[in-house]
Amino acid sequence: MKLKPVPLFRDHRLFILLVVAYIIIGMLRLNDLSLYTDSTRYIIWGTSFAQGSGFVDDTQPEPERYVVNAPFFSVLLSPVLLVFPHSLVAGKIWTLLLGALFLLAFYALLMRCFGKTVALLGIVPLVFNPLLLLMSTEVLSETSFLGALTLCFLLLERLETSDTAWSRDLMVLLVITSLLVLLREVAVAFVGAVVLYFLVRKQYRRAILVALLAVVCAGAWMYRNLVLVGAPIASQATNVNFVFEHFLTPPQASLVQEFGLRLTTNLSGYAIHLAGLILYPLPDMLIVEPTGMFLAYYKAMNVIKYVIPIIFLPLLFIGIWRDMKDRKTGFARFAFVAAYLLVILFYPVHDVRFLLPLLPIQIFYVLTSLRWMQIRWLADNGRAVRAGTAFLIAAVVLPNLLCLIEIERTNIRYTSNSLAFYDHLQQARLGKNMFTKPWKILGDTIRMRTPEESTIAGSLKEACIFIGDRKLLELNNAVPVTTFELYLRTYAADFIIATSSWDNVLSYEFQMGESKRFWFEPVSAVAGMRLFRVRSTQLTPREEWLYTKRMEIDTASANGLLRLGRRELLRGRHDAAIALLQKAQTMAPAQVLIPYQLLAAYAMSGKLEEASRQLQVLYGYAQSTTYLPVASKLLDVAYSQQQAASSDNAVERSTMMVNGARFYWSLGYYGHAYGMIRNCLASDSTYFLGLLWGWDFAMQRGDTAQARFYLRQLRTNDRTNAVVQQFTLIEQTEDTLRLSSNPLRRSALYLSIARSYKIVDLPDEAIDDAQRALREDPRNMEAWLFQAQLFEEKKMPFAARAAFKEVLRLDPGHATAKAKLSPQKQ
């Protein structure tokens, strides 16, 4: 008995085959890598939500309920993460399936507006689009956002033909628009467009309901997130707050000026991609050693991409015109496009993926334009359909298919043997940073080589879902060396992961090399990642053999010039640093670390116009968000210093100079900061606050002669001052220390110095000397207790617990340590 084909498959078999092709292409792109850290965050929150814990990130030392991203995508992920907790691959497959639902919604919309034949022609460019493939195989909200948008446009079409004021379609639309703002904040552009559409249609109740429900949902979430939970001090700002920060202008500049610069910068970056989104951009970071055919296509695109807008833009404008003229819902689409473009043009992050929501609407407009220009071309007759299909395949599918094949080919090479692939990249000198981080292999290594209760620092949160129950201290690789040291100390980090950022430059390379408080013992290396044990310089003698062989710097490479430029910058030789960094920027214009260092060199040398230009260059990089806040502050302080130098008020000038010196010191530019203090005091030797900081800087720099001079000035000004008295005591104790060789005596003297630093509220210096006391006498119980209590006072519970553990190790019956480490205290 022969079974009849299912009508659904028979009527839409070509669409079903296209969706199957989309899923197969996506499955071949799966791996253990993530292009964006947000993917990992969604996996963590989704797992937590699936397990009934709400939105909690418990992969870090301190569990955090604050959620920096819109939360609803984590809810969408929760069904699969309930079965496969913390599984990146499961999350990627689920995201891919959500992309298939988007294709279904878009197909239904095109069918309603154009018919089945045109709908199929509209689906083909999406199935083979590299950017859609990329976003469909990352755990990101793009595909679900596209699906929700498309479904809303379909519901609007259905509502136009509905005779009832209240219908199921309207209820579904209200639910989706309410939740859409919790899926992505940029959905406010769509909600605004729908409200405006209903207002124009004089459907005021509907407009009020859409706006009210969206505001209630967004307001309830913000109340939970920002009031009930609250944003941690060190947390990334929410996208809403992020928009109103200064990135391209100093803080004192107006937001109008800031937004104007963002608009022009983003517009110049997006313009060429926006005009030809159906064919490019190509995610070339995912392609290694492409074939000659692809290279020929890539070279041709460098020319053709300037021609495509000439052809494409007229089709787009005609499509917009006809859509608004022929369909009442056309106004809603146009309003969304306009509002969305405004949002991404003013948003302080530049990323091509933000253009993806415009891709299906562009296809819709092009189909509308072609349908109007020549109806027979898109009519349901064999010859026209075959001609249109052939043109579509030749002009769009084949070029994109070339790109997809190269992406899949590279990914298969990586997933087959990621370590061998990395070795090949190194030998061939191919700087494809994307494939230098096999997280699963690193996770297996960490689980074997580190205790389960370890805290591991790293700049990429991607590691946390591969390292078991160990906690990951997320510390971005742009933090100054002082902040770097502070976080390692605060959270008692045991290990640190340094990853290859580009051309064998490691994350934290400068911080690790410039740190005075820590040294880093190599533990393991996996591809482009290194695992180090964190050692205190004060507690544990540095193994000098690790440092005797200096890294050879290749002055013919961009990374070598970057390292040399950084070295000259720390030495205060700004012009030499600028020359080296400019050369490095010419050789590697795509590397974000170079303009960041170049901006610092320009700012400290007083070349503020050049520094401002580098800030705009920095802004154009998608990966610049970690560098922009510090870069903006650098420029702001440089402008303040320029203002101080021209001030007629001596007190104001000295105050601004000292504040600037303290800022540069906080960034680890110790030589520059110390030079500023000395210059300030050379012109105003009576400035009391400057003398206090001058003494501290001199002591930390080891310039005891200058410190003595400043202390004499301080005693002359105010001998009875409590801080001056403690500085005097420190200096006297240091003199005694130099004459003593007994370890127990030296340990006691160091602890005395630590207590003085604590009294004057210099906790970092106090901890340094307490640890020096322990280096002299590791069994000095008073020093361990002093550290533990100081850590507690400074709200550093992890460091305090580590110190109390040492107390308990020395004295298992110590009552205070046992109480602090009891389960109730944990």
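The rules we used
- Residues numbered from 1 in each chain as written.
- Predicted model: local features only at pLDDT ≥ 70, side-chain atom pairs only at ≥ 80, totals over all residues.
- Heavy atoms only, no water.
- Helix = DSSP H or I, 4+ residues; strand = E, 2+ residues; numbered from the N terminus.
- Rg over C-alpha atoms; globule rule 2.2 N^0.38 Å.
- Buried < 20%, exposed > 50% of the residue type's maximum accessible area, 1.4 Å probe, protein only.
- Contact = heavy atoms within 4.5 Å.
- Areas by Shrake-Rupley, 256 points an atom, 1.4 Å probe, with all protein chains shown as cover.
- Lys, Arg positive; Asp, Glu negative; His and termini not counted.
- Charge placed at Lys NZ, Arg CZ, Asp CG, Glu CD.
- Expected span 1.5 Å × (residues − 1).
- Patch = residues over 30% accessible without salt bridge, like charges linked within 9 Å, V, L, I, M, F, W, Y side chains within 5 Å.
- Salt bridge = Lys/Arg side-chain N within 4 Å of Asp/Glu carboxyl O.
- Pairing = 2+ DSSP bridges.
- Core = buried A, V, L, I, M, F, W, Y, C linked by side-chain atoms within 4.5 Å.
- Phe/Tyr/Trp six-rings, centres within 6.5 Å; stacked < 30°, edge-to-face > 60°.
- Lys NZ or Arg CZ within 6 Å of the ring centre and 35° of its normal.
- 1 Å grid on protein atoms, 1.4 Å probe; cavity = no way out; pocket = protein on both sides within 12 Å on 5 of 7 lines; lining within 4 Å.
- Points joined across faces, edges and corners; volume = space filled by probe spheres on them.
- Nonpolar A, V, L, I, M, F, W, Y, C, P; charged D, E, K, R; others polar.
- Polar contact = N/O pair within 3.5 Å; in protein donor to acceptor, adjacent residues only side chain to side chain.
- Axes fitted to C-alpha atoms, helices over the stretch in contact; angles between N-to-C directions.
- Left-handed = near helix turned anticlockwise from the far one by under 90°.
- pLDDT = per-residue confidence, 0-100.
- Parallel < 35°, antiparallel > 145°, perpendicular 65-115°, else oblique.

Caption draft 1: Expanded view of the overall build of the protein. In terms of helices and strands, the protein carries 37 helices and six strands. In terms of overall size, the protein behaves like a compact globule, its C-alpha atoms giving a radius of gyration of 31 Å where 826 residues would be expected to give roughly 28 Å. With respect to the principal axes defined by its C-alpha atoms, the protein has extents near 100 × 65 × 60 Å. Of all 826 residues assigned to the protein, the portion counted as buried reaches 54%. Taking the intrachain contacts of the protein between residues at least 6 apart in sequence as the baseline, contacts between residues at least 24 apart amount to 68%. Working note: accessible area of the protein is about 36500 Å², and carbon and sulfur atoms make up 60% of it. The centroid of the 84 positive side-chain charges in the protein is displaced by 7 Å from the centroid of its 67 negative side-chain charges.

Caption draft 2: Just helix H8 (residues 168-183), in detail. In a regular helix each residue adds 1.5 Å, so 16 residues correspond to 22 Å; H8 covers 22 Å between its end C-alpha atoms and thus fits that length. Those residues of H8 lying buried are Asp169, Leu170, Leu173, Leu174, Ile176, Thr177, Ser178, Leu180, Val181, Leu182 and Leu183. On its buried side, H8 packs onto helix H3 (72-83), helix H7 (142-160), helix H9 (188-200) and helix H10 (204-229).

Caption draft 3: Representation of a nonpolar patch on the surface. On the surface, a nonpolar cluster with roughly 650 Å² of combined accessible area is contributed by Leu196, Leu199, Val200, Tyr204, Ile208, Leu212 and Val216. For the nonpolar patch, the elements supplying multiple residues, two or more each, are H9 and H10. Assignment of secondary structure puts Ile208 in helix H10. Exposure remark for Ile208: the relative accessible area of 56% places this residue in the exposed category.

Caption draft 4: Summary view of the pairing of strand E5 (residues 518-526). Within E5, seven of the nine residues are buried, which leaves the element mostly enclosed by the surrounding structure. Note: E5 against strand E6 (residues 529-536), eight bridges, orientation antiparallel. Bridge pairing links Phe520 to Val534 in E6. Where E5 folds back on E6, the antiparallel hairpin that results is connected by two residues, among which Ala527 adopts a positive phi of roughly 50°.

Caption draft 5: Molecular detail of the nonpolar core. Leu103, Phe198 and Phe336 are the most contacted members of the largest nonpolar core, which has 143 residues in total. The biggest single contributor to this core is helix H4 (residues 88-114), with 13 residues. Core analysis: the second largest hydrophobic core is formed by 99 residues, Leu581, Leu692, Trp693 and Ala788 among them.

Caption draft 6: How the structure looks around the pattern of salt bridges. For the structure shown, the criterion picks out 40 salt bridges. Taking the shortest distance from any N to any O, the salt bridge between Lys461 and Glu474 comes out at 3.9 Å. Placement of the pair is Lys461 in the loop between strand E1 (455-458) and strand E2 (471-474) and Glu474 in strand E2, with a sequence separation of 13 residues. Across the pair Arg809 and Glu806 runs a salt bridge whose closest N-O atoms are separated by 2.8 Å. Taken together, the positions of Arg809 and Glu806, both in helix H36 (residues 797-810) and three residues apart, correspond to about one turn of that helix.

Caption draft 7: Quick peek at the packing of aromatic side chains. In total, this model carries 32 aromatic pairs according to the counting rule given. When the centroid spacing of 4.0 Å and the interplanar angle of 10° are considered together, the rings of Phe15 and Tyr107 count as stacked. Placement of the pair is Phe15 in helix H1 (residues 7-27) and Tyr107 in helix H4, with a sequence separation of 92 residues. On the basis of relative accessible area, Tyr107 is assigned to the buried category, the value being 4%. For the pair Phe709 and Tyr710, a centre-to-centre distance of 5.9 Å together with 55° between the ring planes defines the contact as tilted. Take Phe709: its relative accessible area is 35%, and that puts it in the partly exposed class. One aromatic cluster is present, built from ring pairs that chain together Phe153, Phe190, Phe336 and Tyr340. Above the ring of Phe145, the side-chain terminus of Arg184 is found at 5.2 Å from the ring centroid.

Caption draft 8: Layout of empty space enclosed by the protein. Taken as a whole and judged by the stated rule, the model has two cavities of 30 Å³ or more. In this structure, the largest cavity spans a volume of roughly 80 Å³. In this structure, the largest cavity is lined by Phe106, Leu109, Leu146, Leu149, Thr150, Phe153, Arg333, Pro357, Pro360, Ile361 and Phe364. Elements supplying a minimum of two residues to the lining of the largest cavity: H4, H7 and helix H16 (359-373). Top element by residues in the lining of the largest cavity is H7. It accounts for four residues. Among the residues forming the lining of the largest cavity, the class breakdown is nine nonpolar, one polar and one charged. By volume, the second largest cavity is sized at about 30 Å³. In this structure, the second largest cavity is lined by Leu569, Leu570, Gly572, Met604, Tyr669, Tyr670, Gly671 and His672. For the lining of the second largest cavity, the elements supplying multiple residues, two or more each, are helix H23 (558-570) and helix H29 (670-683).

Caption draft 9: Just unusual backbone geometry, in detail. Positive phi, close to 55°, is recorded for His86, a residue that is not glycine. On the basis of relative accessible area, His86 is assigned to the partly exposed category, the value being 29%.

Caption draft 10: Just the side chain of Ser369, in detail. Looking at where Ser369 falls in the secondary structure, it is placed in helix H16. Looking at Ser369, its side chain comes within polar contact range of the main-chain oxygen of Leu315, at 3.3 Å.

Caption draft 11: Looking closely at the packing of helix H31 (residues 704-718) against helix H32 (residues 722-739). Interaxial distance between H31 and H32 falls to 10 Å at its minimum, and their mutual angle equals 145°. Considering how the two elements wind past one another, H31 and H32 form a crossing that is left-handed. Mapping the contact onto sequence places Thr704, Ala707, Arg708, Leu711, Leu714, Arg715 and Asp718 in H31 and Val724, Phe727, Thr728, Glu731, Asp735 and Arg738 in H32. Tallied by class, residues from the contact of H31 with H32 come to five nonpolar, two polar and six charged.

Caption draft 12: Summary view of the environment of Thr704. One can find Thr704 in helix H31. Since its relative accessible area comes to 36%, Thr704 is described here as partly exposed. Taking the C-alpha atoms as reference, Thr704 lies 8.9 Å from Glu731; in sequence the two are 27 residues apart.

Caption draft 13: Molecular detail of the environment of Tyr298. Its place among the elements puts Tyr298 in helix H13 (residues 292-304). Separated by 14 residues in sequence, Tyr298 and Asp284 place their C-alpha atoms 9.7 Å apart.

Caption draft 14: Structural view of helix H34 (residues 763-776). Here H34 contains 14 residues, and its C-alpha end-to-end distance of 20 Å stays within 8% of the 20 Å for a straight helix at 1.5 Å per residue. Residues of H34 that are buried sit in contact with helix H20 (481-490), E6, helix H30 (688-701), helix H33 (743-759) and helix H35 (781-793).

Caption draft 15: Representation of the confidence of the model for the protein within the structure. Across the protein, pLDDT averages 88, with 92% of residues at or above 70. Per-element mean pLDDT across the protein ranges from 48 in helix H22 (residues 545-548) up to 97 in H3. Throughout residues 1-6 the model reports pLDDT below 50, and contacts reaching past four residues in sequence, or to other chains, amount to one contact.

Caption draft 16: Examining a negative patch on the surface more closely. Taken together, the side chains of Asp58, Glu452, Glu453 and Asp469 present a region of like negative charge at the surface. On the secondary structure map, Asp58 appears in the loop between helix H2 (38-50) and H3. Residue Asp58 is classed as partly exposed on the basis of its relative accessible area, which comes to 40%.

Caption draft 17: The packing of H7 against H8, seen in detail. H8 packs onto H7 with a crossing angle of 155° between their chain directions and a minimal axis gap of 10 Å. When the interaxial angle is binned, H7 and H8 end up roughly antiparallel. In this structure, H7 crosses over H8, and the sense of that crossing is left-handed. Judged by residue contacts, Ser144, Phe145, Ala148, Leu149, Leu151, Cys152, Leu155, Leu156, Arg158 and Leu159 of H7 engage Asp169, Leu170, Val172, Leu173, Ile176, Thr177, Leu180 and Leu183 from H8. For the contact of H7 with H8, the class distribution of residues is 14 nonpolar, two polar and two charged.

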